[in-house]
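This is what each chain is made of:
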Amino acid sequence: MYSDLQNRSTAAARPERDLEVVVADRQVVADGVVLLDLQDPDGEVLPAWEAGAHIDLVLPNGLVRQYSLCGEPQDRQSWRVAVLRESDGRGGSKFIHDELRVGGTVRVRGPRNHFPLVPAQRYVFIAGGIGITPLIPMMTAASSGGADWQLIYGGRSLTSMAFVEQLVAEHADSVAVRPQDTFGLLNLDALLGGPGGLSDGTLVYCCGPGPLIDAVEQRCTGLPTGLLRVERFAPADASEPVLHGSFEVQIASTGEALTVSPEESVLEVLRCNGIDIDASCEEGTCGTCETRVLDGQIDHRDFVLTAAEREQNALMMVCVSRAACPRVVLDL
Ligand SMILES: Cc1cc2nc3c(=O)[nH]c(=O)nc-3n(C[C@H](O)[C@H](O)[C@H](O)COP(=O)(O)OP(=O)(O)OC[C@H]3O[C@@H](n4cnc5c(N)ncnc54)[C@H](O)[C@@H]3O)c2cc1C
Ligand code: FES
């Protein structure tokens, strides 16, 4: 049995150094999707990464947004990200579409990986729309490792779905492209078939819109923990979190104990007390603020940790998660 912490690329929220990269290429690869090639301005190699990793784009308008790396990990000269324009969003993807041109520069952080490809004999990959991005290098890695895999890829229409030509050209026998305007919703029952419907040694990886992930999670209820891996690009539920009583956070390096009231997040209290923590989404989806827990039970409210990781209580996302006991000790 593998460890759920295996392959994770970070475990603490100490501030990371930003890198500046230049946009070396920009292509429109589907309706509303641009593919950017990012390179070091001096041609230096970029930090290594593995399938499932993402980077933060630190935008000049003050927004920080996450994008999955969808190129080849072996290519250390270039990082590729594909960005969907979210017209009703707060402006991150609009800025990237409208302002980031070839030759322009942007600051990045990472890579970071909360969606690692765990070794398995067989994989079922399920993608919806732009959720295809982290799965692209996973399919390459699965093929190189000799694993059997299949992809079912849905989207609103064929023209809105990035990378279809490339996927079909490279893996015609393993890829099922299912645009909704032609095929309707993905047939998850046929794919997952309920308990017993997946052969032994199969892992399921899913990324896409919230309703697709919810439906896949629902069909995988009752399957062994760790068999399904998902990555959400946005929180599952936008409702206001329920805040219970106060609790204490102890800083392991100094012994200082800080009180977190029901109105505050752990992240806010740490920052107010001069403890610098990297954070980005501040809504529990990106994993940037992941912090090691040395003692105490956590009320996990993020969308990053797996069920097994939650049970281990070794990590917490301090932007949203809280203590489920009077005091937690953080490795800070
Ligand atoms: C690990 C990870 C990897 C990702 N990889 C990719 C990728 O490869 N490609 C990609 O295109 N995107 C990816 N994303 C999503 C990306 O980081 C951005 O969230 C996305 O580009 C939208 O940013 P935005 O600022 O344009 O919109 P946001 O303001 O973030 O809005 C996104 C959606 O949230 C809703 N919304 C609007 N206002 C608010 C508000 N005030 N609060 C909360 N929600 C609101 C809207 O419905 C909107 O469509 C990833 C996210 C994560 C966490
Ligand atoms: S800042 Fe994104 S999970 Fe906490």
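Residues numbered from 1 in each chain as written. Chains lettered and ligands numbered in written order. Predicted model: local features only at pLDDT ≥ 70, side-chain atom pairs only at ≥ 80, totals over all residues. Heavy atoms only, no water.

As a further point, take the overall build of the chain. Across its full length, the chain holds eight helices and 18 strands. Its C-alpha atoms give the chain a radius of gyration of 20 Å, near enough to 20 Å, the size a compact globule of 332 residues would have. Expressed as lengths along the three principal axes of its C-alpha atoms, the size of the chain is roughly 60 × 50 × 35 Å. Of all 332 residues assigned to the chain, the portion counted as buried reaches 52%. The contacts of the chain with a sequence gap of at least 6 include a subset with a gap of at least 24, amounting to 67%. Split by element, the accessible area of the chain, about 15,000 Å² in all, is 47% carbon and sulfur. One way to put it: in the chain the 26 positive side-chain charges average out to a point 2 Å from where the 46 negative ones average out. (Helix = DSSP H or I, 4+ residues; strand = E, 2+ residues; numbered from the N terminus. Rg over C-alpha atoms; globule rule 2.2 N^0.38 Å. Buried < 20%, exposed > 50% of the residue type's maximum accessible area, 1.4 Å probe, protein only. Contact = heavy atoms within 4.5 Å. Areas by Shrake-Rupley, 256 points an atom, 1.4 Å probe, with all protein chains shown as cover. Lys, Arg positive; Asp, Glu negative; His and termini not counted. Charge placed at Lys NZ, Arg CZ, Asp CG, Glu CD.)

Quick look at helix H1 (residues 92-99) now. Considered for burial, the residues of H1 that qualify are Gly92, Ser93, Phe95, Ile96 and His97. Those residues of H1 that are buried are in contact with strand S1 (19-30), strand S2 (33-39), strand S3 (54-58), strand S4 (64-68) and strand S5 (79-84).

This part is about the pattern of salt bridges. In this structure the tally under the stated criterion is 13 salt bridges. Ionic pairing is found between Glu217 and Arg232, a salt bridge with its closest N-O pair at 3.0 Å. On the criterion of sequence distance, the pair formed by Glu217 in helix H6 (residues 210-220) and Arg232 in the loop between strand S11 (228-231) and strand S12 (247-251) is long-range, its members being 15 residues apart. Counted as one network, the salt bridges with shared partners bring together Asp18, Arg107 and Arg109. (Salt bridge = Lys/Arg side-chain N within 4 Å of Asp/Glu carboxyl O.)

Taken together, 22 residues are adjacent to ligand 1, and Gln66, Tyr67, Glu86, Arg90 and Ser93 come closest. Taking Glu86, its side chain carries an N or O atom lying 2.7 Å from an oxygen atom of ligand 1. Within the contact set of ligand 1, an oxygen atom lies 2.9 Å away from a side-chain nitrogen or oxygen of Thr133. Protein chains shield 78% of the accessible area of ligand 1, which is 950 Å² for the free molecule. Elements with a minimum of two residues in the shell around ligand 1: S4, S5 and H1. Counting residues per element, the shell around ligand 1 draws most heavily on S4, which supplies four residues. Along the lines of polarity and charge, the residues of the shell around ligand 1 split into seven nonpolar, nine polar and six charged. (Near = heavy atom within 4 Å. Polar contact = N/O pair within 3.5 Å; in protein donor to acceptor, adjacent residues only side chain to side chain. Nonpolar A, V, L, I, M, F, W, Y, C, P; charged D, E, K, R; others polar.)

This part is about the packing of aromatic side chains. Under the criterion given, the structure shown has five aromatic pairs. Here Tyr123 and Phe125 contribute two aromatic rings whose centre-to-centre distance is 5.5 Å and whose plane-to-plane angle is 15 degrees, an arrangement assigned as stacked. Looking at Tyr123, the relative accessible area reads 3%, which means it is buried. Phe125 sits in the buried class, given a relative accessible area of 0%. Each ring, one from Phe125 and one from Tyr205, has its centre 6.0 Å from the other, and the planes form 50 degrees; the classification is tilted. Of the two residues, Phe125 is situated in strand S7 (residues 122-128) and Tyr205 in strand S10 (residues 202-207); the sequence distance between them amounts to 80 residues. (Phe/Tyr/Trp six-rings, centres within 6.5 Å; stacked < 30°, edge-to-face > 60°.)

Moving on to the sheet that holds strand S9 (residues 175-179). Strand order in the open sheet formed by five strands is S9-S8-S7-S10-S11, and the pairing between neighbours is parallel. Where the open sheet ends on each side, the last strands, each with one partner, are S9 and S11. Ignoring strand direction, the axes of neighbouring strands in this sheet form an average angle of 15 degrees. As paired strands, S7 and S10 are joined by six bridges and run parallel to one another. Residue pairing in the sheet places Arg122 in a bridge with Thr202 of S10. Docked against the sheet, helix H2 (residues 135-144) engages S7, strand S8 (148-155) and S10, running at close to 160 degrees with respect to S7. Here H6 sits on the sheet and contacts S7, S10 and S11; the angle it forms with S11, its principal contact strand, is near 165 degrees. (Pairing = 2+ DSSP bridges. Axes fitted to C-alpha atoms, helices over the stretch in contact; angles between N-to-C directions.)

A few words on the nonpolar core. Residues Phe125, Leu151 and Tyr205 are the most contacted members of the largest nonpolar core, which totals 33 residues. Mapped onto this core, the elements with two or more residues apiece are S2, S7, H2, S8, helix H3 (164-171), S9 and S10. Here this core takes five residues from H2, the largest share from any one element. What Phe125 contacts, discounting residues up to four positions off in sequence, is Leu117, Leu135, Met138, Met139, Ala142, Trp149, Gln150, Leu151, Ile152 and Tyr205. Of all hydrophobic cores here, the second largest spans 27 residues; its members include Val269, Val293, Cys319 and Leu330. (Core = buried A, V, L, I, M, F, W, Y, C linked by side-chain atoms within 4.5 Å.)

The side-chain alternation of strand S13 (residues 257-260) yields one buried face, formed by Leu258 and Val260, and one unburied face, formed by Ala257 and Thr259. When S12 meets S13, the two strands line up antiparallel, connected through four bridges. Considered in S13, the bridge of Gln250 is made with Ala257.

Moving on, we get to H2. Among the residues making up H2, those that are buried are Leu135, Ile136, Pro137, Met138, Met139 and Ala142. Where H2 is buried, its residues touch S7, S8, H3 and S10. Note on H2: the residue one or two positions beyond its end, Gly146, has a positive phi of about 80 degrees.

In short, the description is geometric, and any link to function would need to be established separately.
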